[in-house]
Amino acid sequence: MSRRRAWAELLRLPALFTVPGDALSGAVTAGARPGPRTLLAIGSSLCLYEAGMALNDWADRAEDAAERPHRPLPSGRIRPSSALAAACALTAAGLGLAAGAGRPALAVATPLAATVWAYDLGLKHTPAGPVAMAAARGLDHLLGAAATTGRPEAALSSAALLGTHTLAVTAVSRRETQGGTSLPPLAALGATAVLARLVAGGGRAAAPARGGPFPKGGPTPGQALRTALAAAYAVTAGRPYTHAALNPSPPLTQRAVGGGIRATIPLQAALAARAGAGLTALAIAALAPIGRRYAKKVSIT
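Residues numbered from 1 in each chain as written. Predicted model: local features only at pLDDT ≥ 70, side-chain atom pairs only at ≥ 80, totals over all residues. Heavy atoms only, no water.

*Asks:* When you look at the packing of aromatic side chains in this model, what are you seeing that I'm missing?
*Replies:* Two aromatic rings, taken as a pair, are described by how far apart their centres are and by the angle between their planes. Evaluated as defined, the whole model comprises zero aromatic pairs. When the ring centre of Trp58 is taken as reference, the NZ or CZ atom of Arg61 above it lies at 4.4 Å. (Phe/Tyr/Trp six-rings, centres within 6.5 Å; stacked < 30°, edge-to-face > 60°. Lys NZ or Arg CZ within 6 Å of the ring centre and 35° of its normal.)

Next comes the structure, spelled out in structure tokens:
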């Protein structure tokens, strides 16, 4: 039991619930319904995400020994060689699943895997770190589009929105152990407001009437869902960002990072609703309460 818990901590299993929405929203924003190839893309995304988690702790094992000695590697519950082997195996599995979804999917998964490894092994502590993380999330979104339709370019605009959100979260996370500055959470708060407005404002399925955000007669169910999900995104990310901006202490900054990560799910759902895929949006949104329930059982600090 303790060994399973150590691996759950290493791999940050509750964070996995933020991953399927990338491929699902990517598929629908490219104009397709999720299908078997989308499931392969989700499997690939999950493997590559977990490869990044294992590789992250392997690369940071010396730093964690000083700042987070309770983590699985510095505490000795998992050997560094085992973490590295897991990262390699998960990367291979992720690329294999992408290949099963077709050449376009593999063409996106390959730079995604390269970005994950480059971030963990070198870019994390450089100014390029947040940009690399944003690129990884955007590529993960494009992977769903590539696997489902073979046309990842159809999801580029929504990938840019997801990438911008990830850029903001990562910028805040760089100060989570030191705190001391309000600028990153303030910038993230501004980005959140802009993104919420954009995803609530319409997409392919929207046809607003002149002079208002909704057609004459009130919003349609799809528009109401999109607006509700955009609001959920804004609240989930915005509230902890505001607290961290007012008091940029390490605990509040860490909560802001956690809020930003959790907000990924309603953002993915809002993007799906914006594309007119209400059922897919609801399926993505349902991952949030499941993830919160599971997170209570597993420490991911």
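*Asks:* Sorry, what's going on with the nonpolar core here?
*Replies:* Nonpolar side chains in soluble globular proteins tend to be buried together. Membership of the largest hydrophobic core comes to 56 residues, with the highest contact counts inside it found for Leu112, Leu143, Val199, Leu229, Tyr233 and Tyr241. Residue contacts for Leu143: discarding those within four places in its chain leaves Ala41, Ser44, Ser45, Ala105, Val108, Ala109 and Leu112. (Core = buried A, V, L, I, M, F, W, Y, C linked by side-chain atoms within 4.5 Å. Buried < 20%, exposed > 50% of the residue type's maximum accessible area, 1.4 Å probe, protein only. Contact = heavy atoms within 4.5 Å.)

*Asks:* Help me out: how do you make sense of the packing of helix 7 (residues 129–149) against helix 8 (residues 156–173) in this one?
*Replies:* Any two packed helices are characterised by how steeply their axes cross, that is the angle between the axes, and by the distance between the axes. The contact between helix 7 and helix 8 brings their axes to 7 Å, and the two run at 145°. Helix 7 and helix 8 meet at a crossing whose hand is right-handed. Contacts between helix 7 and helix 8 involve Pro130, Val131, Met133, Ala134, Arg137, Gly138, His141 and Leu142 from the former and Leu156, Ser158, Ala159, Leu162, Gly163, Thr166, Leu167, Thr170 and Ala171 from the latter. Of the residues belonging to the contact of helix 7 with helix 8, the class tally is ten nonpolar, six polar and one charged. (Axes fitted to C-alpha atoms, helices over the stretch in contact; angles between N-to-C directions. Helix = DSSP H or I, 4+ residues; strand = E, 2+ residues; numbered from the N terminus. Left-handed = near helix turned anticlockwise from the far one by under 90°. Nonpolar A, V, L, I, M, F, W, Y, C, P; charged D, E, K, R; others polar.)

*Asks:* Quick question: what am I supposed to make of empty space enclosed by the protein here?
*Replies:* To find leftover empty space, one rolls a probe the size of a water molecule over the atoms. The tally for this structure, following the rule as stated, stands at one cavity of 30 Å³ or more. Of the pockets and cavities examined, the largest cavity occupies roughly 30 Å³. In terms of lining residues, the largest cavity is bounded by Val172, Arg175, Thr181, Pro184, Pro185, Pro248 and Thr253. Taken together, the residues of the lining of the largest cavity break down into four nonpolar, two polar and one charged. (1 Å grid on protein atoms, 1.4 Å probe; cavity = no way out; pocket = protein on both sides within 12 Å on 5 of 7 lines; lining within 4 Å. Points joined across faces, edges and corners; volume = space filled by probe spheres on them.)

*Asks:* I'm lost on the pattern of salt bridges in this one. Help?
*Replies:* One pass over the full model with this rule turns up seven salt bridges. A salt bridge links Asp57 to Arg12; the shortest N-O distance between them is 2.8 Å. Placement of the pair is Asp57 in helix 3 (residues 36–59) and Arg12 in the loop between helix 1 (2–11) and helix 2 (20–29), with a sequence separation of 45 residues. For Asp57, a relative accessible area of 2% gives the class buried. Classification of Arg12 as buried rests on a relative accessible area of 15%. In this structure, Arg68 and Asp64 form a salt bridge, with 3.0 Å as the shortest nitrogen-oxygen distance. Residue Asp64 is classed as buried on the basis of its relative accessible area of 3%. A cluster of three or more residues bridged by salt bridges with shared partners is formed by Arg5, Glu9 and Arg77. (Salt bridge = Lys/Arg side-chain N within 4 Å of Asp/Glu carboxyl O.)

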